[in-house]
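Residue-level structural notes
Okay, here's what each chain looks like letter by letter:
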Amino acid sequence: MEDSQMDEGNVALETPADDVFVPPSIHKPATLAGETYTHFSPVPPALLPQTSSSSPSNQPSPEKAGVPCVLGVDEAGRGPVLGPMVYGVFYLPVELSDPLLKQTHHFDDSKVLTPGVRSDLMQALCTPSTDLHASCGWAVSCLSARDIGANMLRPTTSAAYNLNAQALDATIELIKGVLARGVNVKEIYVDTVGPPVTYQQKLARVFPTVSITVAKKADSLYPCVSAASVCAKVTRDAALEVLYEARVGEDGDAEGEKGGEQESWGSGYPSDARCVNWLRRNMHPVFGWGPECRFSWGTAKDMLETKGGVKVEWPVDEDDENSRLTDFFVDSSKEKDADELGTWFGTPAGLEAF
């Protein structure tokens, strides 16, 4: 995939806060294992269907639909080479959308809020004594870097599963999860992926009874989308910190242990010099990096192919029972037809490979 470029100001806004709030949407074992997962907050009792008290005692009580709700959808981390892409949904009663989110708490597109403000808003949302916690629900889907890369690097014989298709599937599953929990969603607002009309038609076919609006810059136009953006961004920020701390602990990255901001991987975007420098310092010549890296991104692929990675050739499948394991390994510094006996057990990859 072509890497996303950002200016210095945006890179700073995309970099996690030093003391970022770690929300309950961080499933640490799954994050460290490179697994994709979803997290749903508890549905506020005020939004659940209400049981009617007018039915006879010997009859099951019918349920009245919960209060009409509006739901916003947005993502964070579409372009970075490091860390997950996180899709978030946020829902609350229709009549509270503007007064609670826009006027009281000043939600906005997460990309224009400072990391500290994003973190504080998320912490308020997760604190039981607040008005946000009492009236709002949210959910996220964390698409791991490992799974994003694996899906995009499927063999050419398989159906393509690009980032847009993965994003659409994540959005649909999140909305279905909210509806399955009894929330009476009447309106859905989505920040577009691709052409708005096409994307809106796809969602309308899945959710025909809900009013759906897909728009560019929806995270700046609709408060519920702004809030979904914050949920997604803070979850990604925290996931990056969890992954980075684990790497420093495992590898003993001497430069990273200095604690200076310049030694970290920064925002995870290819245009962030800290990210590129970290990738160079920590590249394994055979395995590259861990589950924090999207191997389908140009930055990662180019670095493995041109900056000291061991080249592996995968020949076309043939009915050849005499093929050898060493046939797959190529030492680019030597002639392919060089001393076969001398390279019988493989060609040297350098001590750094081990």
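Every chain is numbered independently, its residues counted from 1 as its sequence is written. Only residues with pLDDT of at least 70 get local features here, since the model is predicted, and only at 80 or more are side-chain atom pairs given and counted; chain-wide, interface and lining totals rely on the full set of residues. Only hydrogens and water are set aside; all other atoms, that is, all heavy atoms of the structure, feed into the side-chain values.

What follows deals with the overall build of the chain. Numbering of helices and strands runs from the N terminus; a helix is a DSSP stretch of H or I covering at least four residues, while a strand is a stretch of E covering at least two. Looking only at helices and strands, one finds 12 helices and 10 strands in the chain. Expressed as a percentage of the 354 residues in the chain, the buried residues total 46%. Contact criterion: two residues are considered in contact whenever any of their non-hydrogen atoms come within 4.5 Å of each other. Pairs at least 24 residues apart make up 69% of the contacts formed inside the chain by residues separated by at least 6 positions. For the chain, the accessible area works out to roughly 18,300 Å², and carbon and sulfur atoms hold 53% of it. Exposed residues in this analysis have more than 50% of their type's maximum accessible area, buried residues have under 20%, and partly exposed residues fall in between, with area computed by a 1.4 Å probe over protein chains only. For the accessible areas, the method is Shrake-Rupley and the probe is 1.4 Å, while residue cover comes only from the protein chains on display.

Take the nonpolar core next. Think of a nonpolar core as a cluster: buried Ala, Val, Leu, Ile, Met, Phe, Trp, Tyr and Cys residues, connected wherever their side-chain atoms sit within 4.5 Å. Residues Leu 71, Ile 188, Leu 203 and Leu 279 are the most contacted members of the largest nonpolar core, which totals 48 residues. A per-element tally of this core places helix H7 (residues 163-180) first, with 8 residues. If you look at the next biggest cluster of nonpolar residues, it comprises 38 residues, including Ala 76, Leu 125, Cys 231 and Val 242.

Unlike most non-glycine residues, His 106 shows phi in positive territory, near 60°. Summarising the element assignment, His 106 is placed in the loop between helix H3 (97-104) and helix H4 (115-125). At Lys 217, a position not held by glycine, the phi torsion is positive, near 60°. Inspection of the secondary structure puts Lys 217 in the loop between strand S8 (211-215) and helix H9 (218-221). Exposure remark for Lys 217: the relative accessible area of 59% places this residue in the exposed category.

The next thing to look at is the pattern of salt bridges. Just to be clear on terms, a salt bridge is a Lys or Arg side-chain nitrogen sitting within 4 Å of an Asp or Glu carboxyl oxygen. In this structure the tally under the stated criterion is 5 salt bridges. As a salt-bridge pair, Asp 147 and Arg 146 come within 3.5 Å of each other at their nearest N and O atoms. On the basis of relative accessible area, Asp 147 is assigned to the partly exposed category, the value being 23%. By relative accessible area, Arg 146 is classed as partly exposed at 39%. Across the salt bridge formed by Arg 247 and Glu 292, the nearest N and O atoms sit 2.4 Å from each other. Of the two residues, Arg 247 sits in helix H10 (residues 223-251) while Glu 292 sits in the loop between helix H11 (273-281) and helix H12 (298-306), which places them 45 residues apart along the sequence. Taken together, the shared-partner salt bridges in this structure form one network comprising Arg 118, Lys 233 and Asp 237.

Among the residues making up H12, those that are buried are Gly 298, Thr 299, Ala 300 and Met 303. Contacts from the buried residues of H12 go to H11. Residue Gly 308 follows H12 closely and has a positive phi angle near 105°.

What follows deals with the packing of aromatic side chains. Two aromatic rings, drawn from Phe, Tyr or Trp (for Trp, its six-membered ring), form a pair once their centres lie within 6.5 Å of each other, and the interplanar angle then sorts them: stacked below 30 degrees, edge-to-face above 60, tilted otherwise. This structure, assessed with the given rule, holds 5 aromatic pairs. Where Trp 289 meets Phe 295, the ring centres are 5.8 Å apart and the plane angle is 50°; that geometry is what we call tilted. Judged by its relative accessible area of 25%, Phe 295 falls in the partly exposed class. Grouped by ring-pair contacts, the aromatic residues Tyr 244, Trp 265 and Trp 278 constitute a single cluster.

Looking now at the sheet that holds strand S4 (residues 69-76). Strand order in the open sheet formed by 6 strands is S1-S6-S5-S4-S7-S8, and the pairing between neighbours is mixed. The strands lining the two open edges of the sheet, one partner per strand, are strand S1 (37-40) and S8. For this sheet, the mean inter-axis angle between neighbouring strands, taken without regard to orientation, is 15°. Pairing between two strands requires that DSSP report at least two bridges joining them. With 5 bridges joining them, S4 and strand S7 (residues 185-191) adopt parallel strand pairing. Looking at the pairing, Gly 72 lines up with Tyr 189 of S7. Where H3 meets the sheet, its contacts fall on S4 and strand S5 (85-93), and the angle it forms with S5 comes to roughly 125°. Here, axes are lines fitted to C-alpha atoms. For helices the fit covers the stretch in contact, and angles between N-to-C directions go from 0 to 180 degrees.

Don't take any of this as a statement about function, it's just geometry.
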